[in-house]
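Here is what each chain is made of, one letter per residue.
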Amino acid sequence: MSKKPQMIEKEEQVAQLQEWLKENAAVVLADYRGLTVAEDTALRSELRKNEIGYHVAKNTLIKRAANNLEITDLDEYLNGPTALAYAADPVAVTKILAKFAEEHKALELKAGLVDGKFVNAEEIQALAKMPSREVLLGRFMGSIQSALYGFVRAVDAIKTKKENGEPLVAAAPAEAAEAPAAE
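Asker: Would you mind going over the packing of aromatic side chains in detail, with residue names and values included?
Answerer: Throughout the structure, instances matching the rule amount to two aromatic pairs. Between Trp 20 and Tyr 86, the ring centres sit 4.5 Å apart and the planes meet at 20 degrees, which makes this aromatic pair stacked. Separated by 66 residues along the polypeptide, Trp 20 in helix H1 (residues 5-23) and Tyr 86 in strand S3 (residues 82-87) bring together distant segments of the chain.

Here you go:
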């Protein structure tokens, strides 16, 4: 007996949802109820510009996909209209969604997954306040660069001392008189 076309379509949707849940560093569930078509279009456009996927799906299909991956933490958040936003960069997706939700009260962040771990709406907001990946990498590179400059300055100082015939280590101070032994 062959499967009905509708069943095949649902199986394909579940497989696609599973892939998004598994392959992305961040997946955020949001309730978009109350957004106008223009607001939803603006949100989709902003997400697309930042290489963030966005998809509206039936809660039963999201639940089936998550449960197939042994993810059950999202189950209680799968009610009402649900959209998934997913991306490789957790900070980028949370920043954009949190900012949009702040400007458009109709968008409600429900919960999500970051690196496979469950996060609630408050944790999503906290993640959104973190510096972007590029800023963090810039800070990291700056600290490495600073350490390298310090090393180069120390090597130059040693080279200069050698060229000038100065001792590399300062002479030890004259020994203090020994303290009398305790009786």
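Asker: For helix H4 (residues 90-103), give the residues involved together with the corresponding values.
Answerer: What sets the pattern is the α-helix's 3.6 residues per turn: residues three or four places apart point alike. Here H4 contains 14 residues, and its C-alpha end-to-end distance of 20 Å stays within 8% of the 20 Å for a straight helix at 1.5 Å per residue. For H4, every residue scored as buried is listed here: Pro 90, Val 91, Val 93, Thr 94, Ile 96, Leu 97, Ala 98, Phe 100 and Ala 101. Of the surrounding elements, those touching the buried residues of H4 are strand S1 (26-31), helix H2 (37-49), S3, strand S4 (108-114) and helix H5 (121-128). Capping of H4 at its N-terminal end is provided by Asp 89; its side-chain oxygen lies 3.2 Å from the backbone amide nitrogen of Val 91.

Asker: Can you tell me about the nonpolar core, naming the residues and giving the values?
Answerer: Core analysis: the biggest nonpolar cluster contains 25 residues, and Leu 43, Leu 47, Ile 52, Val 93, Leu 97, Leu 107 and Leu 109 have the highest contact counts within it. Of all the secondary structure elements, the ones that give two or more residues to this core are S1, H2, S3, H4, S4 and H5. Take this core: its biggest share by element is seven residues, from H4. When near neighbours in sequence (up to four residues on either side) are disregarded, Leu 47 contacts Ile 52, Tyr 54, Ile 96 and Leu 97. With 18 residues, the next largest nonpolar core counts Val 14, Leu 21, Ala 66 and Leu 78 among its residues.

Asker: So what about the environment of Glu 23? Which residues, and what values?
Answerer: For Glu 23, the location among the structural elements is in helix H1. Considered as a pair, Glu 23 and Asp 115 are 92 residues apart in the sequence and their alpha carbons are 9.4 Å apart.

Asker: Please give an account of the pairing of strand S5 (residues 117-120) that cites residues and values.
Answerer: Pairing between S4 and S5: four bridges, direction antiparallel. Across the sheet, Leu 113 pairs through a bridge with Phe 118, a residue of S5. Here S4 hands over to S5 after two residues, with Asp 115 in that stretch at a positive phi of 50 degrees.

Asker: Go over the environment of Ala 111, please, and point to the residues and values.
Answerer: Among the structural elements, Ala 111 can be located in strand S4. Exposure remark for Ala 111: the relative accessible area of 0% places this residue in the buried category. Along the backbone, Ala 111 and Ala 30 are 81 residues apart, and their C-alpha atoms lie at a distance of 7.4 Å. Those residues within four positions of Ala 111 in sequence are excluded, and the remaining contacts are Val 27, Val 28, Leu 29, Leu 74, Tyr 77, Phe 118, Val 119, Asn 120, Ala 121 and Ile 124.

Asker: An account of the sheet that holds S4 is requested, with residue identities and associated values reported.
Answerer: Strand order in the open sheet formed by five strands is S2-S3-S1-S4-S5, and the pairing between neighbours is antiparallel. Either end of the sheet is taken by a strand with one partner, and the two such strands are strand S2 (53-57) and S5. Taking the axes of each pair of neighbouring strands and ignoring which way they run, one obtains an average angle of 20 degrees across the sheet.

Asker: I'd love a proper account of the pattern of salt bridges, names of residues and values included.
Answerer: Summed over the entire model, instances satisfying the criterion amount to three salt bridges. The partner of Arg 44 in a salt bridge is Asp 40, and the shortest N-O contact between them spans 2.8 Å. Separated by four residues within a single helix, Arg 44 and Asp 40 lie in helix H2, roughly one turn from each other. Residue Asp 40 is classed as buried on the basis of its relative accessible area of 17%. One salt bridge in this structure joins Lys 49 and Glu 46, with 3.2 Å as the shortest N-O distance. With a gap of three residues between them, Lys 49 and Glu 46 both fall in helix H2, about one helical turn apart.

Asker: Report on H2, specifying residues and quantitative values.
Answerer: Along its 13 residues, H2 runs 18 Å from first to last C-alpha, staying within 8% of the 18 Å computed at 1.5 Å per residue. Burial in H2 covers these residues: Asp 40, Leu 43 and Leu 47. End-on view of H2: buried residues confined to an arc of 60 degrees, all on one side of the axis. Turned more than 90 degrees from where H2 packs its buried face, Val 37, Ala 38, Arg 48 and Lys 49 sit exposed. Structurally, H2 contributes buried residues whose contacts are with S2 and H4. Immediately downstream of H2, the backbone of Glu 51 shows phi near 55 degrees, a positive value.

Calculation criteria
Residues numbered from 1 in each chain as written. Predicted model: local features only at pLDDT ≥ 70, side-chain atom pairs only at ≥ 80, totals over all residues. Heavy atoms only, no water. Phe/Tyr/Trp six-rings, centres within 6.5 Å; stacked < 30°, edge-to-face > 60°. Helix = DSSP H or I, 4+ residues; strand = E, 2+ residues; numbered from the N terminus. Expected span 1.5 Å × (residues − 1). Buried < 20%, exposed > 50% of the residue type's maximum accessible area, 1.4 Å probe, protein only. Contact = heavy atoms within 4.5 Å. Polar contact = N/O pair within 3.5 Å; in protein donor to acceptor, adjacent residues only side chain to side chain. Core = buried A, V, L, I, M, F, W, Y, C linked by side-chain atoms within 4.5 Å. Pairing = 2+ DSSP bridges. Axes fitted to C-alpha atoms, helices over the stretch in contact; angles between N-to-C directions. Salt bridge = Lys/Arg side-chain N within 4 Å of Asp/Glu carboxyl O. Arc of directions from axis to C-beta.

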